Every structure is written in C-alpha cells, then in structure tokens.
Amino acid sequence: MKILVTYYTKSENTGKIAEAIRSALVGLGDVEVFRIQMANDYCDCALHFNPRVILDVFLNKKPKMKTLCDFTKYDFVIIGSPIWFGKIAPPVNTLIQNAVGIENKWVIGFVSSTLNHSAYEKGLRVALETRKSKVLKVFSLKDSEITGSVIQEIGGLVSRS
Ligand SMILES: Cc1cc2nc3c(=O)[nH]c(=O)nc-3n(C[C@H](O)[C@H](O)[C@H](O)COP(=O)(O)O)c2cc1C
C-alpha cells in the first residue's frame, strides 16, 4: 500500500505529529511525506498580527504553493494542518483545492491547535469532502501531542481501508 503523509507547519507542531504518524505507519506500506511549502511563505514573526495571514484566513485565500501535489499514486492520504483563528491554514486549502486525484481517495485528517477544540475538525473535513475525498476521520490534537491510542486508531483505519 502506498501512503502519503502531507502537512503544513509553521512552528513545527504539525510537523512533529506528521513524523510520529509516518514512523508508525511504516510497517503498513510505502510511506511518503510531502511538506507543503508556499511559494512565498509568511514571515516567522508575530503571525497573529500579520495582515497577510489574517486576510488569507478570513477571505479563504489559497496562496500559491512551491510545488503542487499529485495524490493519484497513493492508496491513502493523511493531511495535517495547524489551526489559525479557528480555521485550517490557507496553504492546506491550496493543497486540497489543487490536489490531482483527491476524488474518492481514502483520507484521514488531523489539526493541531493550542485549545484542541473538537469543532476545529470540521473545516478540514468540509474542505476534503467538497473535493469528494472519502474522509474516515479528522483528529483534533493539541500542539505537537499525539497519544499512542490515536496512533493505533490511525493504523487501524489505514489497514482496514
Ligand atoms: C495566526 C495563528 C492563529 C492561531 N489560532 C488559533 C486558534 O484559533 N485556536 C487555537 O487553539 N490555536 C490557535 N493557534 C495556535 C496553533 O494552532 C498551534 O500552535 C499549532 O500547534 C501550530 O502548529 P504548527 O507549529 O505546526 O505551525 C494559532 C496560531 C497562530 C500562529
């Protein structure tokens, strides 16, 4: 089975979770990682007050990525995003909007946030379902924390798909 783990991260929390998932899935198949990179990334300082971040989030913008992602060759895709102002990060919107082969693809999502609010799962689910992917579950996680039981659940969902 070919599995893709793809994510955007700014302060590495989502990246750490993606790495934990990647290493847990290695036994189930061929796992590749695609880190979403913007053509022109947001500056690292004071993101909460960055007008470009605020406009992109609230206007649902899809900023350009360095490289687009093709899901065609994968049996299963796992997508992660930080939560910004209650929503998924704009580059993740860009990925979902432009991903070739996303229709009918088995997908698990995860979002990373400080508050770990279950309502944060919805935005990623809706974006994925709008592109007609088959969303098994979206996990809401706190910062870079992922428990053994979530890892186990993801492994079970992937192997049963
Ligand atoms: C601009 C911005 C907005 C954020 N908004 C929220 C929010 O609405 N709710 C929340 O719980 N955390 C919020 N956070 C915290 C991040 O979701 C959290 O730190 C996440 O783990 C960051 O992921 P990363 O390290 O992969 O970039 C926000 C962080 C930033 C930078």
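Here goes a summary of the coordinates provided. (Residues numbered from 1 in each chain as written. Predicted model: local features only at pLDDT ≥ 70, side-chain atom pairs only at ≥ 80, totals over all residues.)

Things to note about the site of the ligand
Link 1 in the chain: Neighbouring the ligand are 20 residues, the closest being Ser 11, Asn 13, Thr 14, Pro 82 and Leu 115.
Link 2 in the chain: For the shell around the ligand, the elements supplying multiple residues, two or more each, are helix 1 (13-25), strand 3 (76-84) and strand 5 (106-113).
Link 3 in the chain: Grouping the constituent residues of the shell around the ligand by class yields 7 nonpolar, 10 polar and 3 charged. (Near = placed C-beta within 6 Å. Helix = DSSP H or I, 4+ residues; strand = E, 2+ residues; numbered from the N terminus. Nonpolar A, V, L, I, M, F, W, Y, C, P; charged D, E, K, R; others polar.)

Looking at helix 1
Link 1 in the chain: Helix length check: helix 1 (13 residues) gives 19 Å between terminal C-alpha atoms against 18 Å at 1.5 Å per residue, within 8%.
Link 2 in the chain: All buried positions along helix 1 are accounted for by Thr 14, Ile 17, Ala 18, Ala 20, Ile 21 and Leu 25. Looking straight down helix 1, one finds that the buried residues subtend no more than 160° of arc, so they occupy a single side. (Expected span 1.5 Å × (residues − 1). Buried ≥ 20, exposed ≤ 12 C-beta atoms within 10 Å, placed from the backbone. Arc of directions from axis to C-beta.)

Focus on the nonpolar core
Link 1 in the chain: One finds Ile 3, Val 5, Ile 21, Val 77, Val 92 and Val 111 to be the most contacted residues of the largest nonpolar core, which totals 44 residues.
Link 2 in the chain: Per-element tally for this core: the top contributor is strand 3, with 6 residues.
Link 3 in the chain: Among residues more than four places away in sequence, those in contact with Val 92 are Tyr 8, Ile 36, Ile 79 and Ser 81. (Core = buried A, V, L, I, M, F, W, Y, C linked by C-beta atoms within 7 Å. Contact = placed C-beta atoms within 7 Å.)

Describing the pairing of strand 3
Link 1 in the chain: Burial within strand 3 is extensive, with 9 of its 9 residues counted as buried.
Link 2 in the chain: Burial of strand 3 is two-sided: the residues Phe 76, Ile 78, Gly 80, Pro 82 and Trp 84 facing one way and the residues Val 77, Ile 79, Ser 81 and Ile 83 facing the other way are all buried.
Link 3 in the chain: Where strand 1 (residues 2-7) and strand 3 come together, 5 bridges link them in parallel fashion. Bridge pairing in strand 3 places Thr 6 opposite Ile 79.
Link 4 in the chain: Bridge count between strand 3 and strand 5: 7 bridges; the pairing is parallel. (Pairing = 2+ DSSP bridges.)

Note that every value here comes from positions in space, so none of it alone points to a role or purpose.
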